[in-house]
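Residues per chain are reported as follows:
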Amino acid sequence: MPLESLYDLSFKTLQSRLLSDGVRPIHAVQLWKLLYYELEPDPNTSDMLSPPLRRWLKAALEESLTLSQPSVCDRLDSSDGLTKKLLLRLHDGQEIETVVMGYPGRFTACISSQAGCAMGCVFCATGQMGFVRHLSHGEIVTQVMEAQRLLRAEGNKLRNLVLMGMGEPLHNYDVVMEALASVCHLPGIGIAPSRISVSTVGLVPGIIRFTEERLPYSLAISLHAATDAERSALLPVNQRWPLSELMEACRYYSRKLQRKVFFGWTLIAGQNDSADHALVLLELLQGLDAHVNLIRLNRTAGFSGRTSEEPSTTAFQKAIQEAGVPCTVRQYRGIDVAAGCGQLRADRQKFKSPEIECPPNKASAVS
Ligand code: SAH
Ligand code: SF4
């Protein structure tokens with residue numbers, strides 16, 4: 001039987017394992033706290049475990065469980081010290097990214113949900129890699145643990161979580177939602193659900209399910225274009241779920257849960273950053289409780305589009321705001337870190353692949 005990582009067990013699964021092995025499930029709280037609050041790297045040797053729990057863990061590690069976790073294999077810090085990017089190596093050699101970002105008074109981790117991505121958005125370094133595989137519960141939770149470890153070492157604490165790293169979270173729906181429940185579970189990492197944001201490229205059935213399950217996290221939709229022709233050229237997924245279906249799902253979510261919808265709009269010079277584009281976007285958002293987040297394009301090796309100029313970005317933002325729709329520009333962060341989605345991994349691969357001529361991208365941004 002292949003061994004399963006202890007970090008792949010949800011709290012409920014851990015409780016039922018204990019119960020079926022004759023250990024009172026109440027002990028799960030103690031182990032959970034040790035793993036996810038204390039962040040104990042070797043729970044097996046900890047003297048914080050009660051004797052029955054220690055015996056159970058010892059036996060489980062001999063028979064069916066491992067303590068296998070992704071390892072941090074690279075770290076890049078921006079020169080202003082505000083953005084830290086970790087590259088984690090998984091058991092099969094795949095590499096994923098986790099970014100820790102500092103803002104005044106708060107810290108946010110941006111985590112990955114898949115190795116690679118199947119959605120193929122043309123400007124995205126992860127999309128350009130293609131899909132490798134879904135991440136497991138443990139691989140998602142470990143990213144949050146590593147972010148917390150890093151911050152704790154500096155005397156800080158993780159407050160917010162965004163699923164805006166590599167991969168499409170709603171394509172790995174069950175595992176992502178179970179992992180999010182685990183990072184909220186106390187006494188563990190204990191992130192408040194209201195401080196978690198899930199970003200999707202627009203998988204309509206996933207948005208509907210998210211709404212019907214009344215999940216307590218914020219939802220962000222990566223829109224980037226407000227006509228089907230323009231959106232399909234950037235995001236192939238639009239051919240499967242065109243804007244009419246996507247917007248209907250967003251309206252359903254907003255109406256049913258009485259929540260604001262956050263829309264991401266990556267500004268690409270001459271392609272979606274003009275005053276006319278802003279007007280078409282406003283039409284699409286009419287009557288919806290919306291917030292628009294503008295992101296200035298991080299250039300990637302596989303896409304020739306250019307980053308929107310500062311004046312176009314400002315004019316776009318002003319047009320949206322003047323129509324009464326809140327609109328923010330994500331701050332440039334980690335300008336000297338390859339900090340765009342999938343870029344640290346892509347850059348490492350570039351170093352290994354002499355046939356790619358682009359120099360490693362140093363002018364990257366992350367919010
Ligand atoms: N798959 C999800 C979440 C991960 S991508 C999604 O697409 O929403 C997180 C955000 O980064 C998305 O809004 C995505 O469009 C944006 N993004 C990806 N590559 C980018 C790039 N090169 N420059 C700017 N934004 C980018
Ligand atoms: Fe996947 Fe999001 Fe990148 Fe699109 S932008 S390829 S959905 S990670």
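It should be emphasised that the depicted structure is a prediction, and the values quoted were computed from it without experimental measurement.

About the criteria used
- Residues numbered from 1 in each chain as written.
- Chains lettered and ligands numbered in written order.
- Predicted model: local features only at pLDDT ≥ 70, side-chain atom pairs only at ≥ 80, totals over all residues.
- Heavy atoms only, no water.
- Near = heavy atom within 4 Å.
- Polar contact = N/O pair within 3.5 Å; in protein donor to acceptor, adjacent residues only side chain to side chain.
- Helix = DSSP H or I, 4+ residues; strand = E, 2+ residues; numbered from the N terminus.
- Nonpolar A, V, L, I, M, F, W, Y, C, P; charged D, E, K, R; others polar.
- Contact = heavy atoms within 4.5 Å.
- Buried < 20%, exposed > 50% of the residue type's maximum accessible area, 1.4 Å probe, protein only.
- pLDDT = per-residue confidence, 0-100.
- Axes fitted to C-alpha atoms, helices over the stretch in contact; angles between N-to-C directions.
- Left-handed = near helix turned anticlockwise from the far one by under 90°.
- Phe/Tyr/Trp six-rings, centres within 6.5 Å; stacked < 30°, edge-to-face > 60°.
- Lys NZ or Arg CZ within 6 Å of the ring centre and 35° of its normal.
- Pairing = 2+ DSSP bridges.
- Right-handed = clockwise from strand over helix to strand, strands pointing away.

A. Up close: the site of ligand 1. Around ligand 1, a shell composed of 20 residues is seen, among which Gly167, Ser199, Ser222, His224 and Asn298 lie nearest. Asn298 places a polar main-chain atom, nitrogen or oxygen, 2.9 Å from a nitrogen atom of ligand 1. Among the elements of the structure, β10 (196-200) and β13 (290-296) are those that each provide at least two residues to the shell around ligand 1. For the shell around ligand 1, a count of residues per class yields nine nonpolar, nine polar and two charged.

B. Seen up close, the site of ligand 2. In the neighbourhood of ligand 2, the contacting residues comprise Cys117, Met119, Gly120, Cys121, Cys124, Gly127, Gly167, Glu168 and Val201. Residues of the shell around ligand 2, tallied by class, amount to five nonpolar, three polar and one charged.

C. Examining the side chain of Thr98 more closely. Mapped onto the elements, Thr98 comes out in strand β5 (residues 95-103). Of the polar contacts made by the side chain of Thr98, one reaches the side chain of Gln143; its length is 2.9 Å. Excluding residues within four positions of it along the chain, Thr98 makes contact with Lys84, Lys85, Leu86, Leu88, Cys110, Ile111 and Gln143.

D. Spotlight on the side chain of Ser50. The residue Ser50 is located in the loop between α2 (27-37) and α3 (51-63) in this model. Residue Ser50 is classed as buried on the basis of its relative accessible area, which comes to 15%. Only 3.3 Å separates the side chain of Ser50 from the side chain of His27, close enough to count as a polar contact. Not counting residues within four places of it along the chain, the set of residues in contact with Ser50 comprises His27 and Gln30.

E. Spatial organisation of the confidence of the model for the protein chain. Per-residue confidence for the protein chain gives a mean pLDDT of 90, with 89% of residues at or over 70. Taken as a whole, residues 349-367 scores under 50 in pLDDT and shows 44 contacts with residues more than four places along the chain or in a different chain.

F. Seen up close, the packing of helix α6 (residues 173-184) against helix α7 (residues 204-212). Packing of α6 against α7 brings their axes to within 12 Å, and their N-to-C directions diverge by 35°. Like other packed secondary-structure pairs, α6 and α7 cross with a definite hand, here right-handed. Here Tyr173, Asp174 and Met177 of α6 lie close against α7, whose contacting residues are Gly206, Arg209 and Phe210. Among the residues forming the contact of α6 with α7, the class breakdown is three nonpolar, one polar and two charged.

G. Spatial organisation of unusual backbone geometry. Cis geometry is found at the peptide bond from Leu186 to Pro187, where omega equals 5°. Inspection of the secondary structure assignment puts Pro187 in the loop between α6 and β10. For Leu39, which is not glycine, the phi dihedral falls at a positive 55°. Within the fold, Leu39 resides in the loop between α2 and α3. Assessed through its relative accessible area of 5%, Leu39 is described here as buried.

H. Representation of the packing of aromatic side chains in the model. Taken as a whole and judged by the stated rule, the model has six aromatic pairs. The lysine or arginine in question, Arg106, covers the ring of Tyr103, its NZ or CZ lying 4.4 Å from the ring centre. Lying over the aromatic face of Tyr37, Arg152 brings its terminal NZ or CZ to 5.3 Å of the ring centre.

I. Summary view of the pairing of strand β9 (residues 160-163). Side-chain alternation along β9 places Asn160 and Val162 on one buried face and Leu161 and Leu163 on a second face that is also buried. Relative to β9, strand β6 (residues 106-110) runs parallel, the two sharing three bridges. Residue pairing across strands places Thr108 opposite Asn160, the latter belonging to β9. Across three bridges, the pairing between β9 and β10 is parallel. Bridge pairing in β10 places Val162 opposite Ser197. A crossover connection joins β9 to the parallel β10 through α6; in handedness this β-α-β unit is right-handed.

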